[in-house]
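# Per-entry structural report
The chain contents come next:
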Amino acid sequence: MTQQPAEAVGTTLRERLLDAAIEHFGRNGIGDTSLRGIAEALDTSHRMLIYHFGSREGLLAEVTREVEARQRALMTATYDTDLPPLEAAARYWEETVEATLRYGPLFFELAANAMQGKAHAQSLRDELIAAWLPSVTDLCRAIGIPDEQAETHARLALGAARGLLLDLLVSGEREQVAQAADLLNRLLLLSAEVGGAGGSV
């Protein structure tokens, strides 16, 4: 029997622990659970979590990064269909809302940590905008926004959407926030029509 390299085994275990943490937090929320409490819920030891993630905060940062990556993949898959743009946008919005209700408080807490320059959130500071811009920019081009305007529109869309998700978490007014999200998507499509006709928005 050939023994796997330690690095490969460690990577596989790290991924399993991360998946288990995402599932656990999705069911139970983040709360103030200690690293030992998280380890117990994941049927592992706090030392194992420290080995792979450095700290409780490091684990939470990795959970946030992975949830964000999955949301980007879901966005691409949702829009890469034959659905009309507004229907695809509405479907993706509902999926995003469900993820936000589970992980949104953690996202905004760690975004604040990134702004404050805390070490465990440094990678998030580098990624929270930059990782999304290429995909959202591609979507803006796909709906007809000219190349020279696409990234600016993408940044506007990303910032506005995150503002609406913060509104949702603070106000709890899901229907009203969904209406605002629909308006945002309609404005983007209108901008695409105007820009594609040679105008500038």
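Quantities reported herein were computed from a predicted structural model and do not represent experimental measurements.

What counts and how
- Residues numbered from 1 in each chain as written.
- Predicted model: local features only at pLDDT ≥ 70, side-chain atom pairs only at ≥ 80, totals over all residues.
- Heavy atoms only, no water.
- Helix = DSSP H or I, 4+ residues; strand = E, 2+ residues; numbered from the N terminus.
- Buried < 20%, exposed > 50% of the residue type's maximum accessible area, 1.4 Å probe, protein only.
- Contact = heavy atoms within 4.5 Å.
- Areas by Shrake-Rupley, 256 points an atom, 1.4 Å probe, with all protein chains shown as cover.
- Lys, Arg positive; Asp, Glu negative; His and termini not counted.
- Charge placed at Lys NZ, Arg CZ, Asp CG, Glu CD.
- Phe/Tyr/Trp six-rings, centres within 6.5 Å; stacked < 30°, edge-to-face > 60°.
- Lys NZ or Arg CZ within 6 Å of the ring centre and 35° of its normal.
- Salt bridge = Lys/Arg side-chain N within 4 Å of Asp/Glu carboxyl O.

Looking only at helices and strands, one finds nine helices and zero strands in the protein. In sequence order, the protein lays out its α and β elements as α-α-α-α-α-α-α-α-α. When the backbone C-alpha atoms are referred to their principal axes, the protein occupies close to 60 × 45 × 35 Å. When burial is assessed residue by residue, the protein has 36% of its 201 residues classed as buried. Pairs at least 24 residues apart make up 63% of the contacts formed inside the protein by residues separated by at least 6 positions. For the protein, the accessible area works out to roughly 11,600 Å², and carbon and sulfur atoms hold 53% of it. Here the protein contributes 18 positive and 29 negative side-chain charges, whose respective centroids are spaced 7 Å apart.

For the structure shown, the criterion picks out two aromatic pairs. Ring centres 5.0 Å apart and planes at 90 degrees place the aromatic pair Phe107 and Phe108 in the edge-to-face group. Judged by relative accessible area, Phe107 falls into the buried class, the value being 12%. The ring of Trp132 has Arg72 lying over it, and the distance from NZ or CZ to the ring centre is 5.5 Å.

Following the sequence through the fold, Gln71 ends up in helix H4 (residues 56-79). Assessed through its relative accessible area of 13%, Gln71 is described here as buried.

Our next topic: the pattern of salt bridges. Between side chains of opposite charge, a pair can form as their charged atoms come close. For the structure on display, the rule yields twelve salt bridges. Connected through shared salt-bridge partners, Arg14, Glu62, Arg65 and Glu127 make up one network.

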